[in-house]
Amino acid sequence: MEQIASKNPRIEVVDALRGFAVMAIILVHNLEHFIFPVYPEHTPEWLNVLDQGVFNVIFSLFAGKAYAIFALLFGFTFYIQWNNRKLSGKDFGYRFLWRMVLLLFFATLNAAFFPAGDVLLLFAAASIVLFITRNWSDRAILIASVILLLQPVEWFHYFASLVNPAHQLPDLKVDEMYAEVAEYTKGGNFPEFLWCNITLGQKASLMWAVNAGRYIQTAGLFLLGFFIGRKRLFVSSEENLRTWVKILAVSAIAFAPLYTLKELVTDGSPIVQQTAGTALDMWQKLSFTMVLISSFVLLYQNRKFSAAVGNLRFYGKMSLTNYISQSVIGALIYFPFGLYLAPHCGYTVSLLIGIAVFFMQVIFCKWWLKSHRQGPLEFIWHKWTWIGTGK
């Protein structure tokens, strides 16, 4: 099990799982038209039914879960880098902070084409928790992760509202910002679109994450990925596979009651929906996320399954390049300054477009990785991270 401490070989299942997450993200983003909610006004009844089915299936499977897998693997990647430096007797912490400063550059690049939808800024902002806890014990990291994933801020507001019925949540003006984002996106002025996206759009995205409990959850997922790395659970062994079976069983059993509780809370008052409802929604999505992760890890041990999803390894190795390029492609497809296909694409057509873009990106990844060790943006991020060290 010591092989994880070295830089080679890579753990294939992690690359494939990351590729699965980014693939799921691109499908969800296409259905959302990259946070540009413009759809056909008149469609046949049969297509309406099909569209609703497509929406329900894709969002039930991936919405809030694909991002969670991506975040958990972000914490795992931190472990790999932290552990490699630790083996050399060095502290990765301050180099990691510089790496997160660089991530802000990529966040800005992505946000320029993805109005109010960038997750990289959230990752950079939440990553401070990894710096703070990097030298904590495994037990302390797990406890901190659990506390964050319990959504303590939401429960504070919930119980405060029970004590004081007049208690109100902070108004972060998220709806107003998103409305303004939608207006300038519809305007089709490309320079204004870029500027507003990297200013107001980024603010709206981060405030939404805080408002929806995503900021706290992301920090918790980072620590959970860090803990999984420390316990080397992605390394194939009989003991680890038994652990993943237990995780699958517990997560699957927990999902149904959590989902039911979440549905019951939606009938409550607005503040209950926004506090306890948000926490329960996060919990049921987290349980389903762990079902997806553990199922994927266990199935990957089967040669037929690993061969069938083999292309996801290439896709996952270039996750940053694929994530940002999908935003650029999506903007060109759906927005007014591009082809402006949004008014002509319902959920079904948008899903087919997402699948087509995914396969195009896979073809590019396989071609690129024949002659390069990393994707183009991954290479830049790596070089700038280790600038001055000769790496």
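Reading guide: rules and limits
Residues numbered from 1 in each chain as written. Predicted model: local features only at pLDDT ≥ 70, side-chain atom pairs only at ≥ 80, totals over all residues. Heavy atoms only, no water. Salt bridge = Lys/Arg side-chain N within 4 Å of Asp/Glu carboxyl O. Helix = DSSP H or I, 4+ residues; strand = E, 2+ residues; numbered from the N terminus. Contact = heavy atoms within 4.5 Å. Core = buried A, V, L, I, M, F, W, Y, C linked by side-chain atoms within 4.5 Å. Buried < 20%, exposed > 50% of the residue type's maximum accessible area, 1.4 Å probe, protein only. Bend = angle between axes of the 7 residues up to and from the residue. Polar contact = N/O pair within 3.5 Å; in protein donor to acceptor, adjacent residues only side chain to side chain. Patch = residues over 30% accessible without salt bridge, like charges linked within 9 Å, V, L, I, M, F, W, Y side chains within 5 Å. Areas by Shrake-Rupley, 256 points an atom, 1.4 Å probe, with all protein chains shown as cover. Axes fitted to C-alpha atoms, helices over the stretch in contact; angles between N-to-C directions. Parallel < 35°, antiparallel > 145°, perpendicular 65-115°, else oblique. Nonpolar A, V, L, I, M, F, W, Y, C, P; charged D, E, K, R; others polar. Phe/Tyr/Trp six-rings, centres within 6.5 Å; stacked < 30°, edge-to-face > 60°.

As annotated in an unreviewed UniProt entry, the protein chain carries the name DUF418 domain-containing protein and is attributed to Candidatus Cryptobacteroides avicola.

Draft legend 1. Quick peek at the pattern of salt bridges. Inspection of every chain in the model, using the stated rule, returns eight salt bridges. Here Lys 285 makes a salt bridge to Asp 281, at a shortest N to O gap of 3.1 Å. With Lys 285 and Asp 281 both in helix α14 (residues 276-299) and four residues apart, the pair spans about one turn of that helix. Here the salt bridges share partners, and the residues they tie into one network are Asp 138, Arg 230 and Lys 231.

Draft legend 2. The arrangement of the environment of Trp 98 in detail. Inspection of the secondary structure assignment puts Trp 98 in helix α4 (residues 93-111). For the pair Trp 98 and Thr 385, spaced 287 residues apart in the sequence, the C-alpha separation amounts to 6.7 Å. Those residues in contact with Trp 98 that lie beyond four places of it in its chain are Trp 384, Thr 385 and Ile 387.

Draft legend 3. The nonpolar core, seen in detail. If you look at the biggest cluster of nonpolar residues, it comprises 114 residues, and the most contacted ones within it are Leu 103, Leu 120, Phe 123, Leu 130, Phe 234 and Phe 296. If you tally residues by element for this core, the top one is helix α1 (residues 12-31), at 14 residues. Those residues in contact with Phe 123, other than ones at most four positions away along the chain, are Tyr 67, Phe 70, Ala 71, Phe 74, Leu 103, Thr 218 and Phe 222.

Draft legend 4. The arrangement of helix α10 (residues 190-211) in detail. At Asn 197, α10 shows its maximal bend, which comes to roughly 45 degrees. Along α10, the residues that are buried comprise Phe 193, Cys 196, Asn 197, Leu 200, Gly 201, Gln 202, Ala 204, Ser 205 and Ala 209. Looking at the buried positions of α10, the neighbouring elements they touch are α4, α5 (120-126), α9 (174-187) and α11 (214-230). The N-capping residue of α10, defined by a side-chain oxygen 3.1 Å from the backbone nitrogen of Glu 192, is Asn 189. Downstream of α10 by a residue or two, Gly 213 has a phi angle that is positive, lying close to 80 degrees.

Draft legend 5. Representation of unusual backbone geometry in the model. Residue Ile 35 is not a glycine yet carries a positive backbone phi of 60 degrees. Structurally, the position occupied by Ile 35 is in the loop between α1 and α2 (45-62). Ile 35 sits in the partly exposed class, given a relative accessible area of 27%. Look at Lys 173: it is not a glycine, yet its phi comes out positive at around 60 degrees. Judged by its relative accessible area of 43%, Lys 173 is partly exposed.

Draft legend 6. Here's a closer look at a nonpolar patch on the surface. On the surface, a nonpolar cluster with roughly 290 Å² of combined accessible area is contributed by Trp 98, Val 101 and Ile 387. In this fold, Val 101 is placed in helix α4.

Draft legend 7. Spatial organisation of the packing of α4 against helix α17 (residues 319-334). Closest axis-to-axis distance for the α4/α17 pair is 8 Å, and the angle between their directions is 30 degrees. The orientation of α4 with respect to α17, classified from their angle, is roughly parallel. Across the interface between the two elements, Phe 106, Leu 109 and Asn 110 of α4 pack against Leu 320, Tyr 323, Ile 324 and Ser 327 of α17. Classifying every residue of the contact of α4 with α17 gives five nonpolar, two polar and no charged.

Draft legend 8. Examining the packing of aromatic side chains more closely. Scanning the entire structure with this criterion turns up 47 aromatic pairs. Look at Phe 76 and Tyr 79: their rings are 6.4 Å apart centre to centre, the planes differ by 40 degrees, and that puts the pair in the tilted class. Placement of the pair is Phe 76 and Tyr 79 together in helix α3 (residues 66-87), with a separation of three residues, close to one helical turn. In this pair, the class of Phe 76 matches that of Tyr 79, namely buried. Ring plane angle 80 degrees and centroid distance 5.6 Å describe the contact between Phe 296 and Phe 305, whose orientation is recorded as edge-to-face.

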